[in-house]
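Here's the letter readout for the chains.
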Amino acid sequence: MERFSHQVIDPDTVVIREGTLPSFLYLIKSGRADVFIQEGGKEVTVGHLAAGDIFGEISLLLGRNHTASVRTVTRTDLLTASKGDVEEILGAYPQIRETLKQYSRERLEEVRDKVIISRDVGKKWV
């Protein structure tokens, strides 16, 4: 826990933006946030986060740009750990890396499913 910093974020603040490089892992201490992507020129909400949830882990683990954006809904207390600190923690505790990888895979599947559903909304079936 000593590797985490504390931040208080105002409502309606984008904490991470889809397509940007990862810098931190975030843990919500209190508050709520929405996860969204840009799809076909519109914003599609693909998840909701609350106290105890983490985000930013997918990009850190996979070494790629953020797959979604996160915006606070309420005043949100966050604990943040830098990419370097996360790597040190995961190096010391490999079981945490495996747990995060599994969690990330499940979240990516959920996002994929929601995007597919959002694409189908408004289509007329014959």
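Going by the structure above, here's the rest.
None of the values given here were measured: they were computed from a predicted structure. (Residues numbered from 1 in each chain as written. Predicted model: local features only at pLDDT ≥ 70, side-chain atom pairs only at ≥ 80, totals over all residues. Heavy atoms only, no water.)

Would you explain the nonpolar core in this entry?
In summary, soluble globular proteins display a tendency toward joint burial of nonpolar side chains. Ile28, Val35, Leu49, Phe55, Val70 and Leu78 are the most contacted members of the largest nonpolar core, which totals 14 residues. At the level of elements, strand 3 (24-30), strand 4 (32-39) and strand 5 (42-50) are the ones that each hand at least two residues to this core. Among all residues touching Ile28, those that are not within four sequence positions of it are Ala33, Leu49, Ala50, Ala51, Gly52, Asp53, Phe55, Thr76, Asp77 and Leu78. Core analysis: the next-biggest nonpolar cluster, separate from the first, contains eight residues, Ile54, Leu60, Leu61 and Leu100 among them. (Core = buried A, V, L, I, M, F, W, Y, C linked by side-chain atoms within 4.5 Å. Buried < 20%, exposed > 50% of the residue type's maximum accessible area, 1.4 Å probe, protein only. Helix = DSSP H or I, 4+ residues; strand = E, 2+ residues; numbered from the N terminus. Contact = heavy atoms within 4.5 Å.)

It is not clear to me how the sheet that holds strand 4 should be interpreted in this structure. Could you clarify?
Across a sheet, strands are paired by hydrogen bonds formed along the backbone, either parallel or antiparallel in direction. Taken in spatial order, the four strands line up as 2-7-4-5 in an open sheet, and their pairing is antiparallel. Since the sheet does not close on itself, it has two edges, and those belong to strand 2 (14-16) and strand 5, each with one partner. Averaged over neighbouring strand pairs, the angle between their axes works out to 35° when direction is ignored. Direction of pairing for strand 2 relative to strand 7 (residues 69-72): antiparallel, over a ladder of two bridges. The partner of Ile16 across the bridge, within strand 7, is Val70. (Pairing = 2+ DSSP bridges. Axes fitted to C-alpha atoms, helices over the stretch in contact; angles between N-to-C directions.)

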